[in-house]
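# Summary of structural features
The chain contents come next:
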Amino acid sequence: SAAWERRAARALIALEGVDRAGKSTQGRRLVEALRAEGTRRPHLLFPADRTTEIGQLISSYLVREKNLEDHTIHLLFSANRWEHVPMMKEKLHQGVTIVVDRYAFSGVAFTSAKGNFCLDWCKQPDVGLPKPDLILFLQLSPEAAAERGNFGRERYETSSFQEKVLQSFYCLMEDKTLNWKKVDASKSIEDLHREIKSLAEETMQEVQNKPLGELWK
Ligand code: DGP
Ligand code: NA
Ligand code: NA
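## Things to note about the sheet that holds strand 5 (residues 180-184)
- Taken in spatial order, the 5 strands make up an open sheet running 2-3-1-4-5, and their pairing is parallel. Strands at the two margins of the open sheet, each flanked by one partner only, are strand 2 (43-45) and strand 5. Strand-to-strand, the axes of this sheet are offset by a mean angle of 20°, without reference to chain direction.
- One ladder, built from 5 bridges, connects strand 4 (residues 134-139) with strand 5; its direction is parallel. When the sheet's bridge partners are listed, I135 is paired in strand 5 with W180.

As structure tokens, this is what we get:
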């Protein structure tokens, strides 16, 4: 039917934000809601997938079992995203909407927050990844994030570091060739979900038949 066809439009939607902003919860809720409303096979992806060999290295770094040099871990995070690209392209070309829980922007924001890294170097390994049609930035102050559960157990989870990550995200958001939308992550899960869902649906309508772009190219 026509309604089905309309809903078959694919989009690549990235969720970004500081740690504990609620990206994973909102990603799950969004995909469930799209599926319930008849969107064909919406797919949730964690590009920082800890199950692959590269992902296991990253995981042991995050839990402080392993120390890795800063450039090295940056490239591993990027490699972990590239591992998913053939599957992502296949799905997007089939008209499947993909929601990614973090993307290249986290890669750049976390590394550049360490200082001594130029933004350009940080972006380079991710140049050419499938370009998101929408980047939802879940805004939450590092103080509010720190009050949410479990904060402080992994590497990077300090308020001072997260404050720097936030500043790096703000630099990236100045790029107007990308479709950034800031949403207030201090709202209730339900209210935030409704806002995210309507932004996602708007984007899915807009991108119908638009060719897939390449990030930062
Ligand atoms: P998550 O499971 O999404 O909370 O991510 C775990 C941690 O890894 C979190 O502190 C953010 C960080 N992280 C995610 N993606 C990247 C990346 O591409 N590069 C770096 N350096 N850190 C990342
Ligand atoms: Na985390
Ligand atoms: Na998460």
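Anyway, onward from the coordinates.
## Let's talk about the nonpolar core
- The biggest cluster of nonpolar side chains holds 59 residues, and the ones touching the most others in it are Y103, F105, L136 and L138.
- Ranked by residues supplied to this core, first place goes to helix 9 (residues 159-173) with 6 residues.
- For F105, the residues in contact, after removing those within four places along its chain, are E16, P132, I135, F169, L172, L178, W180, L215 and W216.

## Notes on the site of ligand 1
- Every residue lining ligand 1 is accounted for by D19, R50, L62, F77, R81, R102, S106, G107, F110, T111 and Y156.
- In this structure, D19 approaches ligand 1 through a side-chain N or O atom, which is 2.6 Å from an oxygen atom.
- Y156 is positioned such that a nitrogen or oxygen atom in its side chain is 3.2 Å from a nitrogen atom of ligand 1.
- Here ligand 1 has 490 Å² of accessible area as a free molecule, and 86% of this is covered by the chains.
- Because more than half of its atoms lie within 2 Å of the grid, ligand 1 is assigned to the largest pocket.
- Those elements giving two or more residues to the shell around ligand 1 turn out to be helix 4 (70-82) and helix 6 (104-112).

## A short note on unusual backbone geometry
- Its identity as a non-glycine residue notwithstanding, R102 has a phi of 80°, on the positive side.
- The topology assignment puts R102 in the loop between strand 3 (98-101) and helix 6.
- Its identity as a non-glycine residue notwithstanding, N116 has a phi of 60°, on the positive side.
- Secondary-structure assignment places N116 in the loop between helix 6 and helix 7 (119-123).
- Residue N116 is classed as exposed on the basis of its relative accessible area, which comes to 84%.

## Things to note about helix 3 (residues 53-62)
- The complete set of buried residues in helix 3 reads G55, I58, S59, S60, Y61 and L62.
- Turning to helix 3, the residues buried within the fold contact helix 4.
- Where helix 3 terminates, the next one or two residues include R64, which has phi positive at roughly 65°.

## Some thoughts on the packing of helix 3 against helix 4
- Helix 4 packs onto helix 3 with a crossing angle of 135° between their chain directions and a minimal axis gap of 9 Å. When the axes of helix 3 and helix 4 are compared, the pair comes out oblique. Like other packed secondary-structure pairs, helix 3 and helix 4 cross with a definite hand, here left-handed. Contacts between helix 3 and helix 4 pair I54, G55, L57, I58, Y61 and L62 from the former with D70, I73, L76, F77, A79 and N80 from the latter.

## Remarks on the packing of helix 2 (residues 23-36) against helix 10 (residues 189-206)
- At a minimum axis separation of 10 Å, helix 2 and helix 10 run at an interaxial angle of 55°. Classified by the interaxial angle, the pair formed by helix 2 and helix 10 is oblique. As helix 2 packs across helix 10, the resulting crossing turns out to be right-handed. Mapping the contact onto sequence places T25, Q26, R29, L30, A33 and L34 in helix 2 and I189, E190, L192, H193, I196, K197, A200, E201 and M204 in helix 10.

## Observations concerning the side chain of N80
- Structurally, the position occupied by N80 is in helix 4.
- Take N80: its relative accessible area is 0%, and that puts it in the buried class.
- At 2.8 Å, the side chain of N80 forms a polar contact with the side chain of E83.
- Discounting chain neighbours no more than four positions away, the residues touching N80 are P47, A48, D49, T52, I54, G55 and I58.

Cut-offs and rules
Residues numbered from 1 in each chain as written. Chains lettered and ligands numbered in written order. Predicted model: local features only at pLDDT ≥ 70, side-chain atom pairs only at ≥ 80, totals over all residues. Heavy atoms only, no water. Pairing = 2+ DSSP bridges. Helix = DSSP H or I, 4+ residues; strand = E, 2+ residues; numbered from the N terminus. Axes fitted to C-alpha atoms, helices over the stretch in contact; angles between N-to-C directions. Core = buried A, V, L, I, M, F, W, Y, C linked by side-chain atoms within 4.5 Å. Buried < 20%, exposed > 50% of the residue type's maximum accessible area, 1.4 Å probe, protein only. Contact = heavy atoms within 4.5 Å. Near = heavy atom within 4 Å. Polar contact = N/O pair within 3.5 Å; in protein donor to acceptor, adjacent residues only side chain to side chain. Areas by Shrake-Rupley, 256 points an atom, 1.4 Å probe, with all protein chains shown as cover. 1 Å grid on protein atoms, 1.4 Å probe; cavity = no way out; pocket = protein on both sides within 12 Å on 5 of 7 lines; lining within 4 Å. Sits in = over half its atoms within 2 Å of the grid points. Parallel < 35°, antiparallel > 145°, perpendicular 65-115°, else oblique. Left-handed = near helix turned anticlockwise from the far one by under 90°.

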